[in-house]
Amino acid sequence: MSQPTTRIDVTGSQPSENYPVLVGHNLLGQIPEILGGRTQRVLVIHPRALRSTGELVMEDLRKAGFESFSAEIPDAEEGKHIQVAAFCWQVLGQNDFTRSDAIISVGGGAVSDLAGFVAATWLRGVRVIHIPTTLLGMVDAAVGGKTGINTAEGKNLVGAFHPPAAVLCELGVLRTLPENELLTGMAEVIKCGFIADPVILDLMEANPQALRDSQSQLVRELIERAIRVKAEVVSEDLKESGRREFLNYGHTLGHAIEHAERYQWRHGAAVAVGMVFAAELSLAAGYLDEQTVARTRSICQSLGLPTSYRADRWPQLLETMRRDKKARGSLLRFVVLESLGKPRIYEVPDDSMLFMTYQEIADE
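Residues numbered from 1 in each chain as written. Predicted model: local features only at pLDDT ≥ 70, side-chain atom pairs only at ≥ 80, totals over all residues. Heavy atoms only, no water.

Visitor: Explain the overall build of the protein chain to me, please; I cannot follow it from the model alone.
Guide: When you go through the protein chain residue by residue, the secondary structure sums to 13 helices and 13 strands. A globule of 364 residues ought to have a C-alpha radius of gyration of about 21 Å, and the protein chain, at 20 Å, matches this closely. Taken along its principal axes, the extent of the C-alpha atoms in the protein chain is 60 × 45 × 35 Å. By the burial criterion, 58% of the 364 residues in the protein chain qualify as buried. The long-range share in the protein chain, meaning contacts at least 24 apart out of those at least 6 apart in sequence, stands at 73%. Put simply, the protein chain shows about 15000 Å² of open surface, and 48% of that area lies on carbon and sulfur atoms. When the 37 positive and 46 negative side-chain charges of the protein chain are each reduced to one mean point, those points stand 5 Å apart. (Helix = DSSP H or I, 4+ residues; strand = E, 2+ residues; numbered from the N terminus. Rg over C-alpha atoms; globule rule 2.2 N^0.38 Å. Buried < 20%, exposed > 50% of the residue type's maximum accessible area, 1.4 Å probe, protein only. Contact = heavy atoms within 4.5 Å. Areas by Shrake-Rupley, 256 points an atom, 1.4 Å probe, with all protein chains shown as cover. Lys, Arg positive; Asp, Glu negative; His and termini not counted. Charge placed at Lys NZ, Arg CZ, Asp CG, Glu CD.)

And the structure:
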C-alpha cells in the first residue's frame, strides 16, 4: 500500500506566490482542482524524449474537460533557447490563450525553466504547473519560481521570477530514469545537506545502496527533505535578495563547467565538482575544517559523481564566472560554509586565491 501524498507549502509575500508541492503517486487527478473552473485551454510543454508522457497528460486533461495542446521541444539544455520560447509563444497565440488559461511542463529542470519563462512572459504572466520527471527537477528546478533560458554568454542569464500554481512530484516516473540520471540528481540533495539539513548526509552515508532504488523509502525521504529546505528558503526570499543565494552552493563553478562543456555534462555532475571547490575555498578562507572537505569528496564519490576538472580550463572558467549573476563589479562572490549547515557569502579578495584553490581539484 502506497504512502499518502505529502504536501509541502511554499509561501510568499502575497497570495499569488503561494503554492503546494505534492510528493507521491497518481497526482494527475489533482490538476482540475488546482486550475479551477475558469481555465479552458492548457498547453503541455514536453521534450521529444517524453512525447508519450506528454500525450498521457493531454489525454487526462481532455477527459477532465480542458482543451489541451502540445509544444514539443528539444531535449535537455537544447530546449532552453529564445527560438524555442518563441515557438511556444506562437502556439499560445495561434490557439488564443488568455490570461485565465495555463501551461503544464512535463520533464526535467530544463523543461520547467523554459516553460516557466514562457508562462511568465505570455500576457505578462499565466499560470504554470510543473510535473518534474527527474530527481533534479523535483528537488531543485521545479520548486522556487526561478525561470530562465540560456544565451551564448552563459546559463540562465535571461529569466524571470514566476512562482508556479503547483508542483506535482509523481514518484512513479522515476522508475524509468537511468541510474546515472538519478545519481547526478542527488548532487542537489547533497547540497541541501551541507547548507541546511545535515541529516540528509547521515542518511546517504548509512545506506548508499538504497540511493540507487528510485522507489525506496530512503529516496522519497531525501526528496521530501530537499524540497523542504528549498521551500523554506524560497518562502523567505523569492527573488534571491538574501538567503536564497545560499542555494547556489557549488553552482558558481558548476555553471562555468557546464558552459565549458557546452552543456554536455549533467548539471549535478558539474555541481558536484563545484561543491568540492566551494568546500576547498571555505577551508582556504579559514572557515571550514578539513574533515568536512573530505566528507564532501567522499559522499560525491560514493555516488560516482566527479570531484575534479581539467587543469587547463581555469582561464576559461574564471572568465565565465565573472559573468555570473552573483558577481558584483570586479568581485567574485561564492557561497561557502562556515561549518556544516551554516553557509555564508564570501567575496574573494583576489584571483590568486581562486587559482590556488582550483589546484586542489585540478585534474591533469
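Visitor: Would you explain the sheet that holds strand β2 (residues 19–24) in this entry?
Guide: A sheet is described by the order of its strands in space; here 7 strands give the open sequence β1-β2-β9-β6-β5-β3-β4, paired in mixed fashion. If you trace the sheet from one side to the other, it starts and ends with β1 (6–10) and β4 (67–73), each paired once. Each strand of the sheet is rotated relative to its neighbour by a mean of 20°, with strand direction disregarded. Where strand β5 (residues 102–107) lies against strand β6 (residues 127–132), 6 bridges are found, and the strand directions are parallel. Looking across to β6, one finds that Ile 103 is bridged to Val 128. In the packing of helix α4 (residues 109–121) onto the sheet, contacts are made with β3 (41–47), β4, β5 and β6, and the angle to β5 comes to roughly 170°. (Pairing = 2+ DSSP bridges. Axes fitted to C-alpha atoms, helices over the stretch in contact; angles between N-to-C directions.)

Visitor: Looking at this structure, I do not really get helix α9 (residues 251–260). What am I missing?
Guide: Residues spaced three or four apart along an α-helix face the same direction, because each turn holds 3.6 residues. Burial of α9 is extensive: 10 of the 10 residues sit out of reach of the surface. Buried within α9 are the following residues: His 251, Thr 252, Leu 253, Gly 254, His 255, Ala 256, Ile 257, Glu 258, His 259 and Ala 260. Count one or two residues on from α9 and you reach Arg 262, which has phi positive near 55°.

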